[in-house]
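Single-letter residue listing:
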Amino acid sequence: MEDDRSGRGQYDLEYEACPCFWGRDPAKFVRLFDELYLGPGITNALDIGAGEGKNSLFLAEKGLEVTAIEVSRFACRNFINRMIEDGTVSEVTLINADACKLENLLSSKFDVVVSYGFLHCLRDELEAGLSVKQMQDFTKAGGFNVVSAFTNEIPVPAVQSYLSPTLLRGEQVREWYEGWNILEYEEDVITESHPTSLEEHNHSLFRMIAKKL
């Protein structure tokens, strides 16, 4: 597990303890992207901080060529096991690496870049902003970013005291996307539980779909 100060690998204990921490269903705005914006000409996707692959595998099932980047070896283990189970091994390229260093990992741009639950795992707001800039640079003209992360409306719940997230401000994220067309945006409070701890807890977050002009 990486040093907690790095903000990466924060869910390693959870990934190691169970085969499917986040569940199998794709995230809300990934489904919304499919319903409203996925169409001809969108052929590939990048999923950064891909976790156990629920969003990557959903997009692969929709016919996209998916590259997924995830730093946690335990998450990658769970991801690979699900790919084998679902028979999607050949449709997703999984890279076990730090998604903050895209320039060292990638050589081409993507029609859609997904960052779901990644930005709040970074050191601070500055690093989150730099990550957003990288995502934007690796998005084709006319392409999309699908982004969600925790916000600072609600603190870290006691049941997840091992986390040390960077809780973002929704207005800051929107500023980072100045010059893009923000197609969908919402701030929300979710209630969830996980296999490793069935205790319900809350997070505040934002969700966004933005198009590069």
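Quick look at the structure, then.

The rules behind the values
- Position numbers for residues start from 1 in each chain and track the written sequence from start to end.
- With the structure being a predicted model, the display of local features is reserved for residues of pLDDT at least 70 and the display and counting of side-chain atom pairs for 80 or more, all residues being used for whole-chain, interface and lining totals.
- Note that the side-chain values use all heavy atoms of the structure and ignore hydrogens as well as water.
- Here a strand is any run of E in DSSP of at least two residues, a helix any run of H or I of at least four, and the numbering for each starts at the N terminus.
- Restricting the calculation to C-alpha atoms gives the radius of gyration, and the globule rule supplies 2.2 Å times the number of residues raised to the power 0.38.
- Between buried and exposed lies partly exposed: a residue is buried under 20% and exposed over 50% of the maximum accessible area for its type, with that area taken using a 1.4 Å probe on protein chains only.
- A patch consists of residues whose relative accessible area exceeds 30% and which take part in no salt bridge; residues with like charges are grouped when within 9 Å of each other, and nonpolar side chains (Val, Leu, Ile, Met, Phe, Trp, Tyr) when within 5 Å.
- For every accessible area listed, the method is Shrake-Rupley and the probe measures 1.4 Å; residues are considered covered only by the protein chains on display.
- The salt bridge criterion pairs a side-chain nitrogen of Lys or Arg with a carboxyl oxygen of Asp or Glu, the two atoms within 4 Å.
- Under the pairing criterion, centres of Phe, Tyr and Trp rings, with the six-membered ring standing for Trp, must be within 6.5 Å; the plane angle then separates stacked pairs below 30 degrees from edge-to-face pairs above 60, leaving the rest tilted.
- Only when the NZ atom of a Lys or the CZ atom of an Arg is both within 6 Å of the ring centre and within 35 degrees of the ring normal do we say a charge sits over the ring.
- The criterion used for residue contact is that any of the two residues' heavy atoms lie within 4.5 Å.
- Pairing of N or O atoms within 3.5 Å defines a polar contact, subject to two protein rules: one partner must be a possible hydrogen donor and the other a possible acceptor, and residues neighboring in sequence count only if both atoms are side-chain atoms.

Tallying secondary structure elements over the chain gives 6 helices and 7 strands in all. Counting helices and strands in the order they occur from the N terminus, the chain gives α-α-β-α-β-α-β-β-α-β-α-β-β. Rg of the C-alpha trace for the chain: 16 Å, near the compact-globule value of 17 Å for 213 residues, within the 12% margin. Overall, the chain is about 45 × 40 × 30 Å in size when its C-alpha atoms are taken along their principal axes. Out of the 213 residues belonging to the chain, those deemed buried represent 54%.

The grouping of Ile80, Ile84 and Val89 at the surface amounts to a nonpolar patch, some 270 Å² of accessible area in total. Here isoleucine 84 shows up in helix 4 (residues 73–86).

What follows concerns the packing of aromatic side chains. Tallied over the entire structure, the rule returns 10 aromatic pairs. Ring plane angle 45° and centroid distance 6.0 Å describe the contact between tyrosine 11 and phenylalanine 21, whose orientation is recorded as tilted. Taken together, the residues tyrosine 11 in the segment before helix 1 (12–17) and phenylalanine 21 in the loop between helix 1 and helix 2 (28–36) connect sequence positions 10 residues apart. Tyrosine 11 gets classed as buried once you look at its relative accessible area, which sits at 5%. Here the aromatic rings of phenylalanine 33 and phenylalanine 144 are separated by 5.1 Å at their centres, their planes lie at 70°, and the arrangement is edge-to-face. Of the two residues, phenylalanine 33 sits in helix 2 while phenylalanine 144 sits in strand 5 (residues 139–150), which places them 111 residues apart along the sequence. Judged on exposure class, the residue phenylalanine 33 and its partner phenylalanine 144 are both buried. Connected via pairs of aromatic rings, a cluster forms that spans Tyr11, Tyr15, Phe21 and Trp22. Positioned over the ring face of tyrosine 185 is arginine 174, at 4.5 Å from the centre of the ring.

Our next topic: the environment of arginine 207. Note that arginine 207 resides in strand 7 (residues 197–211). Among the residues examined, arginine 207 registers a relative accessible area of 8% and is labelled buried. Sequence-wise, arginine 207 and aspartate 188 are 19 residues apart; in three dimensions their C-alpha atoms are separated by 8.1 Å. In this structure, arginine 207 is in contact with Lys28, Phe29, Tyr116, Val147, Ser148, Glu184, Tyr185, Glu186, Asp188 and Ile190, ignoring residues within four places of it in sequence. Here the side chain of arginine 207 touches glutamate 186 through a polar contact of 2.4 Å, side chain to side chain. Among the polar contacts made by the side chain of arginine 207, one reaches the side chain of aspartate 188 at a distance of 3.0 Å.

Interpretation in functional terms is not warranted from these geometric data alone.
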